[in-house]
Amino acid sequence: MTVHMIPPICSPSATFTEQNIFNEIRDMKTKEEVYCFQSVGLERHGTKEHAECDFVLMSPRGVFCLEVKGGAIQRKNGIWTIGSGERSYTTTEGPFKQAEGCRWAVLKHLQEQRVLSRKEALFGWGVILPSVIFEYQDAEWSQDVIYDLRDQKNPFSAYLKRLEAYFERKRKEKGGRTTFPLTSEKLRTCADAMRADFETGLTVLGLVIESQREAPVLSREQFRVLDLVLSPQNPRLICAGGPGTGKTVLALESARRISEERQKVLYLCFNTELAAHLSVERGDSKFKIATLHKFMHDIIRRAGLSPAVPIGTSEEEHFLRGYPALFEDACEILLETGELPQYDAVILDEAQDILNERNLACLTLILSGGLKGRWAIFLDQGDQANVYSRFEKQAFDALVEAGAVSVELRENFRNPPKTSTEAYFFSKADAPECRRQLNSPVKYIGATTDKEAAAKLRALLVELIRDGVCPGDIAILSWRRAGQRLVDRFPPNVGKPLVAPREVQPDRQQILSTGIAAFKGLESEIVIVTDVPDILENEWQNSLLLVALTRTRTKCYAIVSNAFIQWRAIEMLKSQKNIED
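What you see is a predicted model; the values in this text were computed from it and never measured.

A. Inspection of the nonpolar core at higher detail. Counting residues in hydrophobic clusters, the biggest one holds 53 residues, and the most contacted among them are Val225, Tyr267, Ile347, Val529 and Phe564. It is helix H17 (residues 539–549) that provides the largest number of residues to this core, a total of six residues. Once you skip the residues sitting within four places of it in the chain, Val225 turns out to touch Leu237, Cys239, Leu250, Phe378, Val407 and Leu409. Residues Leu266, Ile300, Leu326 and Ile354 belong to the second largest nonpolar core, which totals 38 residues.

B. Seen up close, the packing of aromatic side chains. Counted under the stated rule, the structure contains 22 aromatic pairs. Between the aromatic rings of Phe156 and Tyr159, the centroid separation amounts to 5.6 Å while the plane-to-plane angle is 75 degrees, which identifies the pairing as edge-to-face. Of this pair, Phe156 and Tyr159 both sit in helix H3 (residues 156–173), three residues apart, roughly one helical turn. Centroid distance Trp479 to Trp540: 6.4 Å. Interplanar angle 90 degrees. Geometry classified as edge-to-face. Highlighted residues: Trp479 in the loop between strand E19 (474–478) and helix H16 (486–489) and Trp540 in helix H17, separated in sequence by 61 residues. We classify Trp479 as buried; its relative accessible area is 13%. Put simply, the rings of Phe64, Trp80, Phe96, Trp125, Phe134, Tyr136, Trp141, Tyr166 and Phe167 touch in pairs and so form one group of aromatic residues. The ring of Trp104 carries the charged tip of Arg103 above its face, separated from the ring centre by 3.9 Å. Above the ring of Tyr343, the side-chain terminus of Lys264 is found at 4.9 Å from the ring centroid.

Definitions and limits used
- Residues numbered from 1 in each chain as written.
- Predicted model: local features only at pLDDT ≥ 70, side-chain atom pairs only at ≥ 80, totals over all residues.
- Heavy atoms only, no water.
- Core = buried A, V, L, I, M, F, W, Y, C linked by side-chain atoms within 4.5 Å.
- Buried < 20%, exposed > 50% of the residue type's maximum accessible area, 1.4 Å probe, protein only.
- Helix = DSSP H or I, 4+ residues; strand = E, 2+ residues; numbered from the N terminus.
- Contact = heavy atoms within 4.5 Å.
- Phe/Tyr/Trp six-rings, centres within 6.5 Å; stacked < 30°, edge-to-face > 60°.
- Lys NZ or Arg CZ within 6 Å of the ring centre and 35° of its normal.

Here is the structure:
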């Protein structure tokens, strides 16, 4: 089971040490239900007007108050010094008496709320000193209540079990009866008594602000990817992951770090909107950013050849076969004149949309060392690969055979958990573990006709802008091609222009509007999905909806037909029935 963190996000005022312990408790694996409260204010402390406990843990065995102290710690002549240098402070109380005092305050509060008594559960305390090895013995404490540097090699659950065993032993020594584990319902009642939920109607702007406070940081597995990219022993890397796992962030950071080694780096992706957005955002980059086809186009033109689509050939066929053939001819011409660019490293993002044997052969012509050169590939082999269906396993196998190290990203840092759950309901792929905490489910808005859908879209845009949401934080993603979209047939006219992502101005007073596939690799605080079919009939449609919903960082709306809402409800019931069976 996961630990219920209350609040789910570490307090911005928490110390670095407290933030680390917050993460340790949050990631703790346990077979029992556990609640953790951070920074608990205690008005019923026996010796102080107001006290604060760093963490209060509630497990089926009892309630435990934890004090966290980072840095050095010493006691001299009864005076405690916590920390070192300018950040140190002195106190006569010390962390052990502080934690014990909080224990009685919590007990008093729960007893007054008539939800838990001392006879029903253990009430213990502990001191966490993760920066030092604390081996000192004293009548004031037992080593069993101390978590220090040595404990960091073990899961935090081991420390919790040690506290439970210690205070159960103390209880028996004093003649107390053995307590029975608290039920899940009893634990929830106690948790409500500590910090009961209430709702004041958070606005969408409030959600956006809360979402932006959850500043993404690189996870351990993402740092591992960067370490591999920069390692001379691993010049070739394949990094796979689902939506929101940070592939584009890592691809860009890889390109940046390699370019800082004075290497000539080429970053390629498939999506025109993504490349345009990154070119603006990273205008001072020391590496080249382009889509694969734009890069091919420029090489073909530089060689004096025409990239135009021949009469009688479809555009799809030309980009699939004609461009690679023209590119190879152009490389041969430029090689003879000494004008063919050569790159020390190639970073290929969105590789599932462009990875085939013809394109791979083209890239080997401009990469020093070819397939044995330095490259990193970032891709999603799951549902996103179905959007364009251009992924060829033979090309992927050639990369593996070239001696690439493969890593997989399994954590979603973009989507609110309920949005992720909804997106993957329509997918056969396994959802990455969601690291966001924001409570923001997808909101479906039903309509009978396109005209009604357009009216509801306009009303929603007016409401969002009136609430203070920046227009540049809103993206309208359509299932249809340009000219056939709801916003093209019924322009919303809310006083803010609708533009493609690459056309957003610095003042960000424009609303983004584009197709779902064109927005792959990008994200927005607010996503509004339109033109969804009445039912999803195949994997491609399932994949497209997954892509649409997973572009969301804060709130996702889907303006759909009432028929879709009915179909979705039936699919949900079928899924629930299958689980029960």
